[in-house]
Structure formats: C-alpha cells, structure tokens
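# Observations on the model geometry
In case you want the letters, here they are:
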Amino acid sequence: MKGLTFLLDGLSNAPTDEAKQGYLKNFLKKTSGADRGYGLAIAVSELNMPTVKAAALKGSLLDRLDPKLFELSHGFAGDLSETIALLWPAPAIKELRIAEVIERLKIAKKQDLQTVLEDILNCQEASERRMLLKLMTAGKKAFLPGSLAKSALASWSKVDLTEIEEVWATLTPPYKELFDWLEGRVSKPNTIGRAIFKSPLSTIRLDEQGPNSLSPEVHAVGWSWEGLRVQLSSFGDEVKLFSEIGEDITAAFPDIVDQADFHGIVEGVLQVVKDGVVLPSEMLQQRVGRRPTTKKLLESHPALFRVDDAQNLEDRALNGLTFRQRREALEKWFRPRTNWDLSSLIDWRTIDDLDKLREESTTMKGVDGLILKRWEGKYIKDEEWLFWLNPPFTTTLVLLYGEKRPGSSQFSELTLGARGEEAEGGASILPVGKVSCRVEADEQKAVNQWIEANTVERFGPVRSVAQGLWFEVSFSSVQKASRRKAGLVLDNLEVRRVLWEEPNEVLVSVKELTSLLN
Amino acid sequence: MQRASHQAESWLKVTRKGLYCVPGDFYVDPASAVDRALITHAHGDHARPGNRSVLASKETLAFMQLRYGKRAGQKLVPIELGKPLSIGGVTVCFYPAGHVLGSCQILLEYEGCRVVASGDYKRRIDPTSQAFEVVPCHVFITEATFGLPLFEHPPVEGEIEKLKQVRETFPERTLQMNAYSLGKCQRLIAELRRSGIDEPIYLNGSQFQHSETYQELGVDLGHIRSLEESRGDNLKGAIVFAPLNVLLEQFGETVRDPITVTASGWHRVRGKSFMGASELPLVISDHVDWPELTKTIEEVNPEEVWVTHGSEEATIHWCQSRQRRAKALSLVGREGEGEEG
Ligand SMILES: [Zn+2]
C-alpha cells in the first residue's frame, strides 16, 4: 500500500499535468499484476470500493482511547475519518499488497466488512490508514483525469494512444488483459460486441482573418455548435456515450443514449435546448457533472444531440470513406429521434458567402462559427476539421472568489466580477462568470499565494478575496441568468492574462455587458 | 508540609515580560528586553534582541550574534552544560534539549525545589543537536506544540526515503526545499547526508550563513554552496534551500517546475498540510510528538507539569487523568513567530 499512498499523494500535490503523469508512470514501473491494475483504477476513480461510515469505527476506537482526547483531536483535525485514521492504534504494522486489501474488502459480507477493515487498519501506517478510510468514506474521486492516465499508459508502454483509448472502456479493474497486452504477452483485447471509443479527428482553429484558400468544391460547411463534442458508440447490447477525450458520460445522458437502436459510432455536439432555444453552456456543464442524472435535471435541462458524422453505421466501418460518402450514408441512415437532430450543411459559393455566414452566426444562439470539412477527407489520422469561429469578446474582470477543485492544492476555479449599480460609497462588484484558470504553473502558484494572502473569508474550499487581482478574459457571448444578481453570465469564459497591477481603465460594468445580450 | 511545586510559584512568576525568577532577578526567554536573560535557544520566539546580559550556551550566543549583531546583548555569558552556577541563591544549570544546535533546558533550584524550563525539545536522534537529557525535578515546564494524540512523527528515514523516490521519479526537476534557517535546514541536510546523498547542496542567504556557523561549531554538513555565489551553475535536479521566487527569478533558465518540499510536524494532519501548497510535505519536526511528550513527562516524573505553548488542554487532561498536577502557563509572545514546527 506504500506505493499507492505515494502515488495518490503525488497526484494530489503535483503542480502540473506532466508531473501527475510522471507519478503514474513511476507507479506503473514499480508495481505489477493486480496491485498495479487496482492502483490505476483508484487513481482514475474506476474502482467501486465498498463504503463504511466513519462514525461506526469511532466506537471501536473509543474502547481504547480516552474520549476527551478523541474530541480534542477531532476538534483540531476537523475531519472524522482522518481523526480516526490517525488515532487508530496499529499494533502489527506490515506491508500489505494493494490487491490483497481491495479483494479482502470486496469479498467481505456486509456484516463482516467492519471487522475486515479493522484487521487491515491494524497493519497499516497512519498515511495508509488515512488513504484507505478516505477512499471508503468520502465517495469516488478522480486523482487523475482518465485522458491523462491513458496518455501516460501510452508513453509508458510505447503503444499508440488511439489503440489504448479504443479498448479502455471495455475493460474493468484490475485490467489484466490491458497490461498483458501492453507488455506484449497477448494480442490486443477483443472488442467485438463492445461499445468502444474511437479517437475523433483533430481540429484546427483558423485565425480570425479566416480562410483564404477554400472552395466549395473542396470544403463542406456547417454551423459550429457550441457545446460538448461527443461520440455515441453502440455495439452488441452495449451503448456508451463518450466525450471528445474518451470520458464515459453515459450515465449523464440517458435521454440521448436510450434512443440508440442501432449499431455503430456516430458523432456530434450536445447542447441543452429548451423550446427550441439553446441554453447557456453552464447548464450543459451541470448535466455533464451529474452522473447518474436526475429526473428533474432531465426535465429542466433537456439535451439535444446534433449528429454530424459517423465512423461506423450498422457494423460497417466508414473510416475509409470520404466525407462525401459518409455524409450520404449518414443522411440515408438517419431518422429523427427524440432529442436527436441531423446537423445540416450550408450551401456556399464564394469566400464572401462564408464571411456573411459567419457574420450571421454571431446572432444565432448556440452557434460560435463555422465548421469546414474536406469533401474528399477520410476519417483517418492526419485528416483535420477546420473551425472558423467568431472572434470572442474581451474585457477585464476582477477576482471575487478562488476555489480549489476537490483534491487539488491550486485555486484554479475563479469567480470574476464586474461593476454593479453605482450606489453611495461606490459601486458593488457582482459575479458575472466562473472560469478555470489555465495559466503556466508558476503563474498559477503566484495566483495561489495571492489568494492565500488576500483571503477575506473561507467557505470550505472557497475563499473570498479582497479586490486587487484582475484578469483579462475572453468570452463568446452574454447569457441571461435571472437567478444571478448581475442577471447575466458570460459564456465560454477564458483567462487570457493575469493582471497584477490595477488596469488604467475603469472596470467594465454589468450594464455594458448587458448591452451585449442578443 | 508544603509541596515543593506549590512553593515554586512563590519565587517563579509569569510576568508580562515572561518567566521571572524573583530571588535570582533574571528572566528565562523573556518576550522583551530585560536586564538579565537566560536563553534556552536562539529561535526568534525565545531569544529576543536588546537584553543587557545574556546567559546561554555558546552555540546559542553564536546564533544570536549572527542574527542580531551588536543587539544580541551587551554582555554575553557562555554557559557550560552540566556545570551549576549560583545566581542570587538560585542554583542554575543548563542541560541539552535536543531541539536545535545549542538548545538547552534550564534547571532552577531554590530552597530544595527543582524547576526545569525545557524550552523547545525533542527526543529523536538528530545528528545536528546534542541529545535531550532527562533531568529529575519537582516542576517540569514543557511546550505542547504537538500535544494531541493525533501527532506522531513517523521515522525520519521513511520521510527522506520519500524524497529520494520523488527525485528518482523526476531526476531533472530541482528540489526546492523550504526550511527554517536555524535547525530544520541543517537537520534536513544532515539526514540527506546520512541517507547517502553527498553532492553539493545549495543554500540561500540566511540558510547558508546559519549552516556555515553550524560547520564552524563542529557539525559536518558536507559540501554546501552559497546560492548567491553559484550564478553560473546548472541546478537541474539539484537540492536547493531557497524561496521559490528567488530560485525562479535567478535560475529560471535551468530550473523548471521545481518540486517544492516542506518539512513540518503539522503535515501529519492533511487539512493543514495542503495549506502550504507543497508537492512533497514531509512529516519532520524539531518538537516532540505526543508519544514522546507523554514519555518524557513520565521519565522526568515531576510533581507538577506547567504547560506552555501548544495544545495545553489535552496535555493537562492527560496528566490529571494520571494523578499528576498540571496547569497552563500562558507566556506572551510564544506563538508562531519564526518557527514552523
Ligand atoms: Zn524553537
């Protein structure tokens, strides 16, 4: 278990994705067999651990510890499971294998689980006890996104990432077939009759001047829908919905998945659309984040799947066909289903037409520009789709709150504000959007330090800060948000630059932003 | 007959300036400048500048001079450990406390009553500090920085092993070490040496100066280099004691994504250890943990325990539940300054 605590601590504290992958590769190198597989599964939150209530263990700890000393310790540490883990007297410390621990817990009958767990705790060091109790009491949590784990596996094993992505969703911990294959003992796991993920084509974003050497003979054009690009894979009895990076989001979208009465892999964009109106991307995020989803959410945030391509239809691979041929097959195959739509192509002749189309798209809700595909392009590696997106708006906002993502030491989730109504004693600052701060590691560190030093109040992982840090941001549109004080929210907010000094111009006002509502 | 410990309260007083010995007319670790001060060790929350006469171990005096220069005191009196001396009818004797180089416990004996002011102390073997000595007494004045049963420092070897594993995982990344410049820094260097690391270790300003003083006082730290004088060096994969911004500003060319390392007893509890946002939080402390604190009280076996800074409540409760008298001693200016645990 020592190797696992080292891995999970490293993943929790590492400042960059590269470092996180380094910890995982080190773990893959140093462990083997089921230990390695279970460790990987825990890191990416693919293992269903049996759960216990920390309070149940408290009783058995209090048989051996003064209750007052327990209460004082709990008061200091705050967290019950950590308090119990640290105070647990372990009379027989020895190194337990990861697989042994997991399997003992897994096969334990419900009524024996606590005894089995206590036996294990008796052999573990404090940091191991803490980790195990956290895993069993705190609910599932990914220490590393699956996409990063897969690319670390690829770089560790020298097997192509796309091949790993393809089989990943068909495997279960401790991934024996995966490691047997990656280490060359057997051939690639069989995926017949399984819903697999196949890497999507890469995309290029054209600069704002747009394309110069395009012709209607070469390029097909469609609207670029704002939302989440997904792949719906259906084979045998299995149906899965994947994000662009192969994350399994099936449980979040039964309204889409349940309509899959076919075999194949179709792709497109998910949006939240109600009464024909595309709702803010924030609402889509809420849908993605809730797995399994709720009935209420299905009603309030209905999803729409805008299908625009396919890699396989009715067990026939289309990768070798040109886009013209795939489109023909797709149109022939497609029939309207609830919450599904076929994304149409747009006629065009000249670059001027394109310019106008793109201009037009700025007034359309849920569209952020145009997508261009080569008529003769096959669905194979090195083929690229082009996006000609509307220039985003830019402005400067001030930091209001910083938040750590679960398990992270970085304040990466920032709530930014604009100037509200003028009142006596100056204008208030109202939140207008939340953004994931993606800046260089050193700058992120400086942001962390600034937030630590300027914290006004703490609410769990959230800190409110004094005004004094500004961010140059871009956003694609302004959306109405009646529940917010500002009455609006900025969509697709991205940080362009951290401004360490107060900007010269006055902070943008909510009023000015409101004028951009379309 | 009166308890000896009860009697102690009549001649040893807690005042605004700190612990004051009435018949001897001196203070122990005063919080502000006094006429005569007995100093347990040179950490900023125990040794303040501006006292007229200062009695302390020769190492403590050396560190005070390094930090305060002329303000260390008008008259500096080095005290030999284990040699009693008499001040105004009070017999005073210094014993090693094992906290940092030169740190002492001070025994005060007056009219048959023995009081030990232990300052900060630890029981772990530390190659850079003389080992703590058990001094029998009637009243034992103890710190309780980690006075909760949660706190149990793991063996230092295991923590150093973690550091070596991280290095092996990332041979190119520089280790940016954060450690208090007196004590923690040198102990970490000595432990790294003990684990077989013999390459040059780089140190920033104050950490380098303190380490040089350690070397002059006879503690071998191996090859240490001043960071300031190493401008041209490639620090890829090196071990460097310096603040992160100094490292990045001056060596940004070769140092990318350094591994930040911190060492503290507080890291035992997770909630706290995340606050410093360090990549490698090592549980290494210069203070006793709970098992050592309680073991020490049992070994010293005083009639009464006076508990200073830290989690007094649990320590006092523990003593009382074992039929030992105990009380909190609230000394001013003793919390959080300089030291990191
Ligand atoms: Zn100290």
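Residues numbered from 1 in each chain as written. Chains lettered and ligands numbered in written order. Predicted model: local features only at pLDDT ≥ 70, side-chain atom pairs only at ≥ 80, totals over all residues. Heavy atoms only, no water.

### With respect to the pattern of salt bridges
Counted according to the given criterion, the structure contains 52 salt bridges over all chains. A salt bridge links Arg114(B) to Glu109(B); its shortest N-O distance comes to 3.2 Å. Measuring nitrogen to oxygen at the nearest pair gives 3.3 Å for the salt bridge that ties Lys162(B) to Glu159(B). Here Glu159(B) and Lys162(B) lie together in helix α3 (residues 156-169), a separation of three residues that amounts to about one turn. Glu159(B) sits in the buried class, given a relative accessible area of 5%. Counted as one network, the salt bridges with shared partners bring together Arg36(A), Lys176(A), Asp180(A), Glu183(A) and Arg185(A). (Salt bridge = Lys/Arg side-chain N within 4 Å of Asp/Glu carboxyl O. Helix = DSSP H or I, 4+ residues; strand = E, 2+ residues; numbered from the N terminus. Buried < 20%, exposed > 50% of the residue type's maximum accessible area, 1.4 Å probe, protein only.)

### A few points about the packing of helix α5 (residues 67-77) of chain A against helix α6 (residues 80-87) of chain A
Residue and element names in this part refer to chain A. Packing of α5 against α6 leaves a shortest axis separation of 9 Å and a crossing angle of 125°. In terms of their interaxial angle, α5 and α6 are classed as oblique. α6 is crossed by α5, and the crossing has right-handed handedness. Across from Phe-70, Ser-73, His-74 and Ala-77 in α5, the residues of α6 making contact are Leu-80, Thr-83, Ile-84 and Leu-87. For the contact of α5 with α6, the per-class residue count stands at five nonpolar, three polar and no charged. (Axes fitted to C-alpha atoms, helices over the stretch in contact; angles between N-to-C directions. Parallel < 35°, antiparallel > 145°, perpendicular 65-115°, else oblique. Left-handed = near helix turned anticlockwise from the far one by under 90°. Contact = heavy atoms within 4.5 Å. Nonpolar A, V, L, I, M, F, W, Y, C, P; charged D, E, K, R; others polar.)

### Topic: the pairing of strand β13 (residues 393-404) of chain A
Residue and element names in this part refer to chain A. Relative to strand β18 (residues 470-475), β13 runs antiparallel, the two being bridged by six bridges. Note on β18: the bridge partner recorded for Phe-393 is Phe-475. When β13 meets strand β14 (residues 411-419), the two strands line up antiparallel, connected through six bridges. When the bridges of β14 are listed, Leu-399 appears paired with Leu-416. In terms of strand pairing, β13 meets strand β17 (residues 462-465) through three bridges, oriented antiparallel. (Pairing = 2+ DSSP bridges.)

### Points about the interface of chain A and chain B
Facing the 34 residues of chain A at the interface are 33 residues of chain B. Of the roughly 3000 Å² buried where chain A meets chain B, counting both sides, 59% is carbon and sulfur surface. If you sort the residues of chain A by the area they bury against chain B, Phe6(A), Asn13(A) and Phe76(A) come out on top, with a joint share of 21%. The tally of links between chain A and chain B comes to three salt bridges. We note a salt bridge from Glu313(B) to Lys68(A), for which the minimum N-O separation is 3.5 Å. Linking chain A to chain B there are nine residue pairs in polar contact (both at pLDDT 80 or more). Residue assignment for the side of chain A that touches chain B shows that the elements contributing at least two residues are α1 (2-13), α2 (17-30), α5, α6, α9 (126-137) and α18 (441-453) of chain A. (Buried area = accessible area lost by both parts, 1.4 Å probe. Polar contact = N/O pair within 3.5 Å; in protein donor to acceptor, adjacent residues only side chain to side chain.)

### Observations concerning the domain arrangement of chain B
One widely used convention gives an interface's size as the accessible area the parts lose upon coming together. Residues and elements named next belong to chain B. For chain B, the domain assignment lists domain 1 (4-150 + 287-328) and domain 2 (156-282). Computed from C-alpha coordinates alone, the two centres of domain 1 and domain 2 are separated by 30 Å. On the side of domain 2, 20 residues touch domain 1, which itself brings 19 residues to the contact. Contact with domain 2 buries area across many residues of domain 1, yet Phe-63, Leu-66 and Thr-128 alone supply 28% of it, more than any other trio. Inspection of the region where domain 1 meets domain 2 yields zero salt bridges. (Domains from an automatic or database assignment.)

### What about the domain arrangement of chain A?
Residues and elements named next belong to chain A. Assigned domains within chain A: domain 1 (2-137), domain 2 (146-182), domain 3 (202-389) and domain 4 (393-517). Using only C-alpha atoms to locate each centre, domain 3 and domain 4 end up separated by 31 Å. Across the boundary between the two partners, domain 3 contributes five residues, which contact seven residues of domain 4. When the two sides are added together, the surface that domain 3 and domain 4 hide from each other amounts to roughly 540 Å², 31% of it contributed by carbon and sulfur. Considering only the side of domain 3, the residues that lose the most area to domain 4 are Glu-226, Pro-280 and Glu-282, jointly responsible for 63% of the buried surface there. The interface formed by domain 3 and domain 4 includes one salt bridge. Here Glu-282 and Arg-484 are joined by a salt bridge, their closest N and O atoms 2.4 Å apart. In this assembly, domain 3 and domain 4 are joined by four residue pairs in polar contact (both at pLDDT 80 or more).

### Thoughts on the side chain of Asp120(B)
Residues and elements named next belong to chain B. Residue placement: Asp-120 occurs in the loop between β10 (113-117) and β11 (139-144). Under the relative-accessibility criterion, Asp-120 is labelled buried at 0%. Of note is the side chain of Asp-120, whose polar atom sits 3.1 Å from the side chain of His-46.

### Overview of the sheet that holds strand β16 (residues 259-263) of chain B
Residue and element names in this part refer to chain B. Overall, parallel pairing links the six strands, which are arranged β14-β13-β15-β12-β16-β17 in an open sheet. Edge positions in the sheet fall to β14 (224-226) and β17 (280-282), since each has one partner strand and no second. Across this sheet, the average inter-strand angle for adjacent strands is 25°, counted without regard to direction. Both β16 and β17 contribute to a ladder of three bridges, which runs parallel. Each bridged residue has a counterpart across the sheet, and for Ala-263 the counterpart in β17 is Leu-282. The strands that helix α4 (residues 184-194) touches are β12 (175-178), β13 (201-203), β14, β15 (239-241) and β16; relative to β13, the one it contacts most, it runs at about 170°.

### Describing the environment of Val14(B)
All names here are of chain B. Following the sequence through the fold, Val-14 ends up in strand β1 (residues 12-15). Classification of Val-14 by relative accessible area gives partly exposed; the value is 40%. Between the C-alpha atoms of Val-14 and Glu-111, which are 97 residues apart in sequence, the distance is 19 Å. Contacts of Val-14, omitting those with residues within four sequence positions, involve Leu-19, Leu-329, Ser-330 and Leu-331.

### Quick look at a negative patch on the surface
Residues and elements named next belong to chain B. A surface patch of negative charge is lined by Glu-212, Glu-216, Glu-228 and Glu-229. Tracing the backbone through its elements, the reader meets Glu-229 in the loop between β14 and β15. The class for Glu-229 is exposed, based on a relative accessible area of 67%. (Patch = residues over 30% accessible without salt bridge, like charges linked within 9 Å, V, L, I, M, F, W, Y side chains within 5 Å. Areas by Shrake-Rupley, 256 points an atom, 1.4 Å probe, with all protein chains shown as cover. Lys, Arg positive; Asp, Glu negative; His and termini not counted. Charge placed at Lys NZ, Arg CZ, Asp CG, Glu CD.)

### Quick look at the nonpolar core
In terms of nonpolar packing, the biggest core is built from 146 residues, with Leu105(A), Leu132(A), Leu153(A), Leu178(A) and Phe241(B) touching the most fellow members. Once you skip the residues sitting within four places of it in the chain, Leu105(A) turns out to touch Met49(A), Pro50(A), Leu113(A), Val116(A), Leu117(A), Ile120(A), Leu132(A) and Met136(A). (Core = buried A, V, L, I, M, F, W, Y, C linked by side-chain atoms within 4.5 Å.)

### Let's talk about the packing of aromatic side chains
Counted according to the given criterion, the structure contains 23 aromatic pairs over all chains. Pairing Trp156(A) with Phe179(A) gives two aromatic rings, centres 5.9 Å apart and planes at 70°, and the pair type is edge-to-face. One end of the pair, Trp156(A), is in helix α10 (residues 146-157); the other, Phe179(A), is in helix α12 (residues 176-182), with 23 residues separating them in the sequence. Comparing Trp156(A) with Phe179(A) shows no difference in burial state: the two are buried. A ring pair is formed by Tyr20(B) and Tyr27(B), whose centres lie 4.7 Å apart and whose planes are at 40°; its orientation type is tilted. Residue classification places Tyr27(B) among the buried positions, given a relative accessible area of 15%. Taken together, the ring pairs connect Phe262(A), Phe305(A), Trp333(A), Phe334(A) and Trp340(A) into an aromatic cluster. Of note, Arg64(A) hangs over the ring of Trp88(A), and the distance from its end group to the ring centre comes to 4.8 Å. The ring of Trp340(A) is capped by Arg337(A), whose NZ or CZ atom sits 4.7 Å from the centre of that ring. (Phe/Tyr/Trp six-rings, centres within 6.5 Å; stacked < 30°, edge-to-face > 60°. Lys NZ or Arg CZ within 6 Å of the ring centre and 35° of its normal.)

### So, unusual backbone geometry
Residues and elements named next belong to chain A. Geometrically, the link from Pro-173 to Pro-174 is a cis peptide bond, its omega value of 5° lying close to zero. Checked against the element boundaries, Pro-174 lands in the loop between α11 (161-168) and α12. A cis amide bond links Arg-291 with the next residue in sequence, Pro-292, at an omega value of -5°. Within the secondary structure, Pro-292 is located in the loop between α14 (281-289) and α15 (295-300).

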